[in-house]
Amino acid sequence: MQKVDHVGIAVKSIDVSIDYYIHTLGLTLLAVEEVPSQNVRVAFIDAGNIKLELLEPLGEDGAIAKFIEKRGEGVHHIAFGVTDIRSRMAELREKGVQLLQEEPKPGAGGADVAFLHPKSSFGVLYELCDKSGKGD
Ligand code: CMX
């Protein structure tokens, strides 16, 4: 892994929670976008050395809607920045890590993403996030 790219935080509403991050904590909003492949709307916030990714469910289906229903709002995942995501996925599979998809999926900001099952990562949902060639 190269470095932590962002921390994903599940929220019921970006419109409601963004004020806390921008005005109370004094952080900077970078971008808001919808990621249909993950059924979420996301807001990226500049937190200095990493970004925070607020994740709001789009509708009642999808991982974030289910997470909030079961656990409430809060930290959802940690994303490592990687290059050559397919090779990283193959290496992790060989080491016995359970990945949640066979192929990378399109994620926010044009990145290719894949997730590691929390059951094989000691209770943490990790994301691999490959922005090679995307200018970040
Ligand atoms: N962090 C840690 N553990 C988690 C978790 C999370 N975010 N979400 C679920 N779990 C745990 C649950 O606690 C549960 O553990 P127990 O069996 O001990 O109770 C187990 O994983 C299974 O959880 P579940 O509620 O039954 O949910 P599902 O199996 O339906 O799905 C998961 C869990 C992680 C496989 C699913 O959420 C997934 O595929 N996630 C990857 C995609 C994703 O999260 N997308 C949203 C982010 C999009 C983005 O960043 O753009």
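What you see is a predicted model; the values in this text were computed from it and never measured.

What counts, and where the lines are drawn
- Residues numbered from 1 in each chain as written.
- Predicted model: local features only at pLDDT ≥ 70, side-chain atom pairs only at ≥ 80, totals over all residues.
- Near = placed C-beta within 6 Å.
- Helix = DSSP H or I, 4+ residues; strand = E, 2+ residues; numbered from the N terminus.
- Nonpolar A, V, L, I, M, F, W, Y, C, P; charged D, E, K, R; others polar.
- UniProt positions renumbered as here; feature names shortened; annotations may be inferred.
- Buried ≥ 20, exposed ≤ 12 C-beta atoms within 10 Å, placed from the backbone.

*Asks:* Could you give an account of the site of the ligand, naming the residues involved and the relevant values?
*Replies:* Close to the ligand lie 23 residues, the nearest being Q38, A63, F115, P118 and L125. Only β3 (40-47), α2 (63-71) and β5 (74-82) provide two or more residues apiece to the shell around the ligand. Looking at which element gives the most residues to the shell around the ligand, the answer is α2, with five residues. Classifying every residue of the shell around the ligand by side-chain character gives 13 nonpolar, seven polar and three charged.

*Asks:* Quick rundown of the UniProt feature "domain: VOC" (unreviewed entry) in the protein chain? Include the residues and the values.
*Replies:* Those places that UniProt annotates as "domain: VOC" (unreviewed entry) correspond, in this numbering, to residues 3-131. Structurally, residues 3-131 is divided into 23% helix and 41% strand, and its ends, taken at the C-alpha atoms, are 13 Å apart.

*Asks:* How would you explain unusual backbone geometry if you had to name every residue and give the values?
*Replies:* Positive phi outside glycine occurs at N39, with the angle close to 55°. Mapped onto the fold, N39 is located in the loop between β2 (28-35) and β3. At D84, a residue that is not glycine, the phi angle is positive and equals roughly 50°. Inspection of the secondary structure puts D84 in the loop between β5 and α3 (85-94). When the 11 C-beta atoms within 10 Å are taken as the criterion, D84 is described as exposed.

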